[in-house]
Amino acid sequence: MSDVSHTTDTRRYIYIQGARLHNLKNISVAIPRNRLVVITGLSGSGKSTLAFDTLFAEGQRRYVESLSAYARQFLGKMNKPEVDFIKGISPAVAIQQKVTTRNPRSTVGTSTEIYDYLKLLFARTGRTYSPVSGKEVKRHSVSDVVAYCLSLPAQSHFLILAPLPTLKPKERRQKIELLIQQGFSRILSSGKITRIEELHAHKGTHDGKEWLVIDRITSDPDQEENTARISDSVQSALFEGNKECAIAPLRNNELIRENQMETFSSHFEMDGITFEEPDVNFFSFNNPVGACKTCEGYGSIIGIDENMVIPDDNLSVFQDAVACWRGEVMSEWKKEVIKHAAKTSFPVHKPYKDLSAPQRKELWEGNKHFSGIRDFFRMLEQNLYKIQYRVMLARYRGKTLCPDCKGTRLRRDATYVCVGKKNISELVLMPVHDLYAFFHNLKLNEHDEKVARRILLEIRNRLQYLMDVGLGYLTLNRLSNSLSGGESQRINLATSLGSSLVGSMYILDEPSIGLHPRDTHRLIKVLQQLRDIGNTVIVVEHDEEIMQAADEIIDIGPDAGSRGGELVFQGTLRELVKSGKGWTAAYLGGAEKVPMPVRRRILNDYIEVKGAAENNLKKINVRLPLNGLVVVTGVSGSGKSTLVRKILYNALRKRLDGSSDIPGKFTSLGGSVDRIEQVEFVDQNPIGKSSRSNPVTYVKAYDEIRSLFCHLPLSKLRGYKPSHFSFNVEGGRCDQCHGEGEVIIEMQFMADIHLPCDSCGGKRFKQDILEVVFMEKNAADILEMTVSDAMHFFRSAGESFPEYTSACHRIVEKLRPLDDVGLGYVHLGQSSSTLSGGEAQRIKLASFIGMGTHGKTTLFIFDEPTTGLHFHDIRKLLLAFDALIHQGHSILVIEHNAEVIKCADWIIDMGPEGGEAGGEVVFAGKPEDLVKKSQGHTARFLKDKLK
């Protein structure tokens, strides 16, 4: 569809005419409205440029333009995408693979708005229970007291009393005089009714509790006048008794024992404790009213870190388990514990990990015979004028769990309020699937059910959406900034469903990332729900199952970078496969496929993690083979990342580098662990924090390019050094923009404006530096090239100029790993901030391939390396893995992609489910054995790939 300008039916289609941003080659496309549309193609073919940089950017720009001039000044000017026109566009919502917040207060509960509804539910229907007696705390009203009086047997006699305060003799006489003036005539004292005048004549003090008799009534429920009289008397009693009163029964006109009085109070108190009536802010850790006073709502404080004090819990106190008690001077504290341990039977020879909770408390808190660890640190705090004590105290400080709220972030008395016998802190610590079951089975009384009906509907719906996108293993207390990009994206997707927007255009970037194939159908159901309520859902995706569910597929290609940017195909999946056009059709139709390895490597060496018990891991022992491709897989939340990153990676780093990152709970690390000299975790974090960081500098190729340019004749004539061609140091870079290529103008009360640098025109270098050219290209032109184009350029230059053949060959070899991992489309000087997480991960992989890790035997750990990869790109990725293994290294991959799993030498399948139902090794072995022997979810989805 090359020209859509003649069509005008914007009710059925979104029309894009002449899109030419980045590598898009003036393409035109009509996207059907209210449909599920998948945009696919090779990495770098232009998918994201079309979906996000063109379609979404135009939707955002039009939204900003629709605002008032006053509002627009705070948002800054948004440039129009390079496109002839876009018609029929809807309000746009983009959900990308990025953790959208770094706020330490943001949690899964707050970002999905479920916690807001929880706060409202507890404020409206919560019942407060005393921590002393466990009884419900109630504020009695006049009607409660009247109802009690009317419940007494007919014709029974009772007194309505108000308590009198205990006062000094002079104040007491004044109070009695006032009561006489008010018309009161009797007081109950020591179980006897006494006329008030007699008490007034008594000059001394009174030891017992005294009650003012408000009224004496005979119960008769049938008389309305009697009910009105009781009500008036109770109101008077509560007023005179400072919101307290009592009903005292009479028998034969004689008062029964005082302990049989029924007391009432309109104070919110019980067991001598005054409670605070709950409201919404009472349950908010982002509000000073509800936040824990110790940690201020963060859940953690800077305190003495147990992991630093006891770095190796396999040691006993006698073996110097307490790190701060080592050394000649501080060992006196340890000697004191050993000397007096027998008096309390404290086991000084037992490893710290085997100590019971009371024994650990005894070691930390001390007893009457010896001082504990906390006493030691109090001593340091009292002697901070000594620098050695300040240094020692700082060494053992770290982020620790708040001792008051235990990480729940709320004030302690917020946990006294319950709904369905659970407080709000217990609910946010439940996995989502358990929480849904709790609310599904929650029974409330008739009044509370009416109050909470709409609140419960919203909570249940949002919890259902979280489970539908495969996040049932998360807790609402989980920090947002600890989520992966895929988890963050699916939470935003669930939140969007909860908001029930209609008539919008949702654009998603690979929502299947981090999701096991078992859960993909759930995600598809959510996307279809979003479509069915009246939205256009556009998904940039490579997953075959999601393509099958799509109403329409748009394939961009045919290749990446400068050889992409064209509309290869648009239509249904069946039509795409039938057409045979492009790489997507070739792989889906079976003409191309990711090849299986000719033979599996025989892996003899291994690292064994014993007793892994962090999070949901159930004290498992796992062998991780070396010198091959090992894949750890399993459903989301089964414990993969906990095992690999939190335990194995941190334990190896601590062993090799002395890292301060504390590993998760495990017993020991064994096997051929000594064969690993280096460990690298290749994640999806940016390759550099500076905006000047880019691929060509990361793989050290720009060093060779600068060296080449400084050896050119004009450079020698002017005395240029390699540093003159660097935009990171002074010399050749533009003095005005400092090598950024743009100038940021700070506007008071307005958004900062980013403008191309006037001095260099965005080229980054001074004009005299740009006069140095090689094959009619200056340094700025080289940085604008893609990796593939640059390799072709320098290969040709080496053939044309023999004197530069060696230099050009070195540059090509430095760039080759980038091309090998499927990044031939990336520009050499592209800012790291514009790279996706998957691209950043593959650039790191390329750098390791190029460097060879200095000859050290290295264990590489990859977390979802197939992020953003087409089938054809996965093929290249596996070749890159083979290159590293051939160099003598080992690769461990956390992955769900079946194409990678089938090529593994060894598979460790975690499960069987997520959360508490996971944390076990379902299978460990070769892919063929997994399919034959395992009943797990992974085996079911891998079966077709091994045919």
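What you are looking at is a predicted structure, and each value in this text was computed from that prediction instead of being measured. (Residues numbered from 1 in each chain as written. Predicted model: local features only at pLDDT ≥ 70, side-chain atom pairs only at ≥ 80, totals over all residues. Heavy atoms only, no water.)

J.: Explain the overall build of the chain here, please?
T.: A tally of regular secondary structure across the chain gives 34 helices and 34 strands. Seen through its principal axes, the chain has C-alpha atoms that stretch 125 × 85 × 65 Å. Expressed as a percentage of its 947 residues, the buried residues of the chain come to 50%. In the chain, the share of contacts with a sequence separation of at least 24, taken over all contacts with a separation of at least 6, comes to 69%. By element, 48% of the accessible surface of the chain is carried by carbon and sulfur atoms, the whole surface being about 44500 Å². Taken as two groups, the 122 positive and 116 negative side-chain charges of the chain have centres that lie 3 Å from each other. (Helix = DSSP H or I, 4+ residues; strand = E, 2+ residues; numbered from the N terminus. Buried < 20%, exposed > 50% of the residue type's maximum accessible area, 1.4 Å probe, protein only. Contact = heavy atoms within 4.5 Å. Areas by Shrake-Rupley, 256 points an atom, 1.4 Å probe, with all protein chains shown as cover. Lys, Arg positive; Asp, Glu negative; His and termini not counted. Charge placed at Lys NZ, Arg CZ, Asp CG, Glu CD.)

J.: What is the right way to look at the sheet that holds strand β23 (residues 566–571) in this model?
T.: Sheet strands associate in pairs through backbone hydrogen bonding, adopting either a parallel or an antiparallel arrangement. In spatial order, the strands read β5-β20-β21-β3-β22-β23; together these six strands make up an open sheet with mixed pairing. Single-partner strands in this sheet number two, and they are β5 (92–95) and β23. Sheet twist, expressed as the mean angle between neighbouring strand axes with direction ignored, is 20 degrees. Judged from the four bridges that link them, β5 and strand β20 (residues 505–509) form a sheet pairing that is parallel. Considered in β20, the bridge of Ala92 is made with Met505. The strands touched by helix α1 (residues 47–65) are β3 (36–41), β5, β20, β21 (536–540) and β22 (552–557); relative to β20, the strand with the most contacts, the crossing angle is about 145 degrees. (Pairing = 2+ DSSP bridges. Axes fitted to C-alpha atoms, helices over the stretch in contact; angles between N-to-C directions.)

J.: Even after reading the chapter, I still don't get helix α6 (residues 169–181), so can you show me in this structure?
T.: Because an α-helix completes one turn every 3.6 residues, residues spaced three or four positions apart along the sequence face the same direction. Spanning 13 residues, α6 covers 19 Å between terminal C-alpha atoms, matching the ideal 18 Å at 1.5 Å per step. Taken together, the buried positions of α6 are Arg172, Ile176 and Leu179. One face of α6 carries all of its buried residues, which in axial projection span an arc of 60 degrees. In this structure, α6 carries Lys170 and Gln181 as exposed residues pointing more than 90 degrees from its buried face. Positive phi appears at Gly183, one or two residues downstream of α6, with a value of about 100 degrees. (Expected span 1.5 Å × (residues − 1). Arc of directions from axis to C-beta.)

J.: Whenever I open this one, the packing of helix α12 (residues 373–382) against helix α13 (residues 387–395) confuses me. Can you help?
T.: Where α12 contacts α13, the two axes come as close as 9 Å, and the packing angle between them is 135 degrees. With respect to α13, the axis of α12 lies oblique. Where α12 crosses over α13, the two elements pack in a sense that is left-handed. In this structure, α12 uses Phe376, Phe377, Met379, Leu380 and Glu381 to contact α13, whose residues at the interface are Tyr389, Met392 and Leu393. Counted by class, the contact of α12 with α13 contains seven nonpolar, no polar and one charged residues. (Parallel < 35°, antiparallel > 145°, perpendicular 65-115°, else oblique. Left-handed = near helix turned anticlockwise from the far one by under 90°. Nonpolar A, V, L, I, M, F, W, Y, C, P; charged D, E, K, R; others polar.)

J.: What is the right way to look at the pairing of strand β32 (residues 890–894) in this model?
T.: Consecutive side chains along a regular strand alternate between the two faces of the sheet. Burial analysis of β32 places five of its five residues in the buried class, which makes it a mostly covered element. In β32, alternate side chains face the same way, and those of Ser890, Leu892 and Ile894 on one face and Ile891 and Val893 on the other are all buried. With five bridges joining them, strand β31 (residues 858–863) and β32 adopt parallel strand pairing. Looking at the pairing, Asp863 lines up with Ile894 of β32. One crossover worth recording links β31 to the parallel β32 by way of helix α31 (residues 871–886), and it is right-handed. (Right-handed = clockwise from strand over helix to strand, strands pointing away.)

J.: Would you take a moment to explain the pairing of strand β26 (residues 629–634) for this structure?
T.: Among the six residues of β26, six are classified as buried, and the element is accordingly described as predominantly covered. Sheet topology note: the β26/β32 ladder contains four bridges and is parallel. In the strand pairing of β32, Val631 is matched with Val893. By the bridge criterion, five bridges tie β26 to strand β33 (residues 906–911) in an arrangement that is parallel.

J.: Is there a simple way to think about the environment of His809 in this case?
T.: Positionally, His809 belongs in helix α29 (residues 805–820). For His809, a relative accessible area of 48% translates into the label partly exposed.

J.: Is there a simple way to explain the sheet that holds strand β28 (residues 678–682) in this structure?
T.: Taken together, the six strands give an open sheet; going across it, the order is β28-β31-β32-β26-β33-β34, and neighbouring strands pair in mixed fashion. At either margin of the open sheet sits one strand with a lone partner, and together these are β28 and β34 (920–925). Taken pair by pair, the neighbouring strands of this sheet meet at an average axis angle of 15 degrees, ignoring direction. Direction of pairing for β28 relative to β31: parallel, over a ladder of five bridges. Each residue of the ladder has a partner; that of Glu680, found in β31, is Phe860. Across the sheet, helix α22 (residues 640–657) lies against β26, β28, β31, β32 and β33, angled at about 145 degrees from β28, the strand it touches most.

J.: Sorry if this is basic, but what is going on with helix α15 (residues 432–440) here?
T.: Taken together, the buried positions of α15 are Val432, Leu435, Phe438 and Phe439. Buried residues of α15, viewed axially, fall in a sector of 115 degrees; they line one side.

J.: I would appreciate a short explanation of the packing of aromatic side chains in the present structure.
T.: By convention here, two paired aromatic rings are described through the distance between centres and the angle between planes. Under the defined criterion, the tally for this structure stands at 29 aromatic pairs. Geometrically, the ring pair formed by Tyr720 and Phe725 is edge-to-face, given 6.0 Å between the ring centres and 85 degrees between the ring planes. Of the two residues, Tyr720 and Phe725, neither departs from the other in class, the shared state being buried. An aromatic cluster is built from Trp325, Trp333, Phe376, Phe377 and Tyr396, whose rings are joined through pairwise contacts. In this arrangement the basic side chain of Arg645 is found over the ring face of Phe681, its NZ or CZ atom lying 4.2 Å from the centre. (Phe/Tyr/Trp six-rings, centres within 6.5 Å; stacked < 30°, edge-to-face > 60°. Lys NZ or Arg CZ within 6 Å of the ring centre and 35° of its normal.)

J.: Can you help me understand the pattern of salt bridges in this one?
T.: Two side chains that carry opposite charge are able to pair once their charged atoms sit near each other. Counted under the stated rule, the structure contains 41 salt bridges. The closest approach of N and O atoms between Asp375 and Arg378, which form a salt bridge, is 2.7 Å. Residue Asp375 and its partner Arg378 are located together in helix α12, separated by three residues, close to a single helical turn. A relative accessible area of 24% places Asp375 in the partly exposed class. A salt bridge links Arg397 to Glu381, with the nearest nitrogen and oxygen atoms 3.6 Å apart. Of the two residues, Arg397 sits in strand β17 (residues 397–401) while Glu381 sits in helix α12, which places them 16 residues apart along the sequence. Given a relative accessible area of 32%, Arg397 falls into the partly exposed group. Exposure remark for Glu381: the relative accessible area of 38% places this residue in the partly exposed category. (Salt bridge = Lys/Arg side-chain N within 4 Å of Asp/Glu carboxyl O.)

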